[in-house]
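What follows is each chain in one-letter form.
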Amino acid sequence: MSFRLANHDGQAVLLEGQDYWKLGIDPMGALTRPDDLHRRWDSRGAPDGRVTPAELGPPVPAPRQVFAYGLNYRDHVREMDEVNYLARTTNEAPVVFTKFPSCLIGPTAPVKLVGDRCDYECELVVVIGTETRDVDQSQVWDRVAGLMIGQDISDRALQTAATPPQFSLGKSRATFGPTGPALVSPDLVGNPDDLAICCRINGELRQDSRTSLLMRPVPEMVAHLSSILTLNPGDLIFTGTPGGVGQARGIYLKPGDRIVSEIEGLGSLDNPCI
């Protein structure tokens, strides 16, 4: 039950390297037909063409809901506590906010910075595959359509402009949600609970961790959300970022910077800042 689903010029395609196979449907429609995705992957013949990363849009361009978990790696909690930024313990209730879908962009699209306190956060993004409510943690991976890379770009000034902080606004400016390069079914990434994750700014390694270090792993996150509301096919969950963000070092993104985000088995994003 495998596939790599991408968005090529607004149309759903299966992707293997640079080869693609047309599905004749838009990406959101493709997500409602998981059995067809698997069947088409297994029966694909000669590719319809080749595509470059620059031609790809966000794999899930119009999700109904986009959730994001904050402070979900212990090293990130510690570094933010050290700069007196949203200090908290590691055993509190989870921090969950939303990124508005209008912020989503593709894997190489430029990030338009606003102000001088914009920050990077490389994250694993989970995409829901079937309508889900009150799911047990043991059944969560059966409800997941796939995984992709996300950048939770954050305007720290806007995020902390009010008390309590306004996470959703500060993380939802236009272009503040790079995702991609493709939606990958969990069976294609080995152990989906333990993937290497890293982020480089202008070639300098800033974040380097593994998703097995999530304080609340994917099954717990999905089960928690589904106990509160219904999750729909195509809903996104940004799962949190590891330590190494710019805020903790007092180093922020600036025009001309290049953000490269990588997760094992999922490829990479390469987004310039303008």
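Residues numbered from 1 in each chain as written. Predicted model: local features only at pLDDT ≥ 70, side-chain atom pairs only at ≥ 80, totals over all residues. Heavy atoms only, no water.

Draft legend 1. Representation of the overall build of the protein in the model. Within the protein one finds seven helices and 18 strands. Expected size for 274 residues packed as a compact globule is a radius of gyration near 19 Å; at 18 Å, the protein falls within 12% of this value. Evaluated residue by residue, the protein yields a buried proportion of 54% over its 274 residues. In the protein, the share of contacts with a sequence separation of at least 24, taken over all contacts with a separation of at least 6, comes to 77%. Total accessible area on the protein stands at roughly 11,200 Å², and carbon and sulfur atoms take up 49% of it. Side chains of the protein carry 26 positive and 35 negative charges; the gap between the two charge centres is 3 Å. (Helix = DSSP H or I, 4+ residues; strand = E, 2+ residues; numbered from the N terminus. Rg over C-alpha atoms; globule rule 2.2 N^0.38 Å. Buried < 20%, exposed > 50% of the residue type's maximum accessible area, 1.4 Å probe, protein only. Contact = heavy atoms within 4.5 Å. Areas by Shrake-Rupley, 256 points an atom, 1.4 Å probe, with all protein chains shown as cover. Lys, Arg positive; Asp, Glu negative; His and termini not counted. Charge placed at Lys NZ, Arg CZ, Asp CG, Glu CD.)

Draft legend 2. Structural detail: the nonpolar core. One finds Leu5, Leu147 and Leu236 to be the most contacted residues of the largest nonpolar core, which totals 67 residues. Per element, the largest residue contribution to this core is six residues, and it comes from strand β10 (residues 122-128). Ignoring any residue separated from it by four or fewer positions in sequence, one finds Leu147 in contact with Leu124, Val125, Val126, Trp141, Ala182, Leu183, Val184, Val189, Pro192, Leu195 and Leu266. Counting residues in hydrophobic clusters, the runner-up holds seven residues, among them Val13, Val51, Leu56 and Ala182. (Core = buried A, V, L, I, M, F, W, Y, C linked by side-chain atoms within 4.5 Å.)

Draft legend 3. Representation of helix α2 (residues 34-42) in the model. If you check which residues of α2 are buried, you get Leu37, His38 and Trp41. Down the axis, α2 shows its buried residues gathered within 95° of arc, on one side only. Residues of α2 that are buried in the fold lie against β1 (4-8), β2 (11-16) and α1 (27-31). (Arc of directions from axis to C-beta.)

Draft legend 4. Structural detail: empty space enclosed by the protein. Per the stated rule, a full pass over the model turns up two cavities of 30 Å³ or more. The calculated volume of the second largest cavity comes to roughly 40 Å³. For the lining of the second largest cavity, the element with the highest residue contribution is α2, accounting for three residues. Counted by class, the lining of the second largest cavity contains four nonpolar, no polar and three charged residues. (1 Å grid on protein atoms, 1.4 Å probe; cavity = no way out; pocket = protein on both sides within 12 Å on 5 of 7 lines; lining within 4 Å. Points joined across faces, edges and corners; volume = space filled by probe spheres on them. Nonpolar A, V, L, I, M, F, W, Y, C, P; charged D, E, K, R; others polar.)

Draft legend 5. Summary view of the layout of surface pockets. Approximately 250 Å³ is the volume found for the largest pocket. Along its surface, the largest pocket is lined by 17 residues, and His38, Trp141, Asp142, Val144 and Ala145 are the ones closest to its centre. With three residues, the top contributor of residues to the lining of the largest pocket is α2. Residues of the lining of the largest pocket, tallied by class, amount to ten nonpolar, four polar and three charged. In this structure, the second largest pocket occupies an estimated 210 Å³ of space.

Draft legend 6. Layout of unusual backbone geometry. With an omega of 0°, the peptide bond running from Thr163 to Pro164 counts as cis. With respect to the element layout, Pro164 can be found in the loop between α4 (156-159) and α5 (167-170). With an omega dihedral of -10°, the bond running from Gly180 to Pro181 counts as a cis peptide bond. When you line up the elements, Pro181 lands in strand β13 (residues 177-184). Positioned with a positive phi, Asp134 is a non-glycine residue whose angle comes to about 55°. Looking at the secondary structure, you find Asp134 in the loop between β10 and β11 (144-151).

Draft legend 7. Up close: the packing of aromatic side chains. Under the defined criterion, the tally for this structure stands at one aromatic pair. Stacked on the ring of Trp21, the Lys or Arg Arg44 has its end atom at 5.3 Å from the ring centre. The ring centre of Phe238 lies 5.7 Å from the NZ or CZ of Lys99, which sits over that ring. (Phe/Tyr/Trp six-rings, centres within 6.5 Å; stacked < 30°, edge-to-face > 60°. Lys NZ or Arg CZ within 6 Å of the ring centre and 35° of its normal.)

Draft legend 8. Representation of the sheet that holds strand β15 (residues 204-210). Within the open sheet, the four strands sit side by side as β15-β14-β17-β18. Their pairing is antiparallel. Both edges of this open sheet fall to β15 and β18 (267-272), since each of them pairs with a single strand only. Averaged over all neighbouring strand pairs, the angle between strand axes comes to 10°, with direction disregarded. Sheet topology note: the strand β14 (residues 196-201)/strand β17 (residues 258-263) ladder contains five bridges and is antiparallel. Paired with Ile197 across the two strands is Ile263, which belongs to β17. (Pairing = 2+ DSSP bridges. Axes fitted to C-alpha atoms, helices over the stretch in contact; angles between N-to-C directions.)

Draft legend 9. Structural context of the side chain of Arg156. Considering the arrangement of structural elements, one finds Arg156 in helix α4. Judged by its relative accessible area of 1%, Arg156 is buried. In terms of polar contacts, Arg156 uses its side chain to reach the side chain of Asp119, at 2.9 Å. (Polar contact = N/O pair within 3.5 Å; in protein donor to acceptor, adjacent residues only side chain to side chain.)

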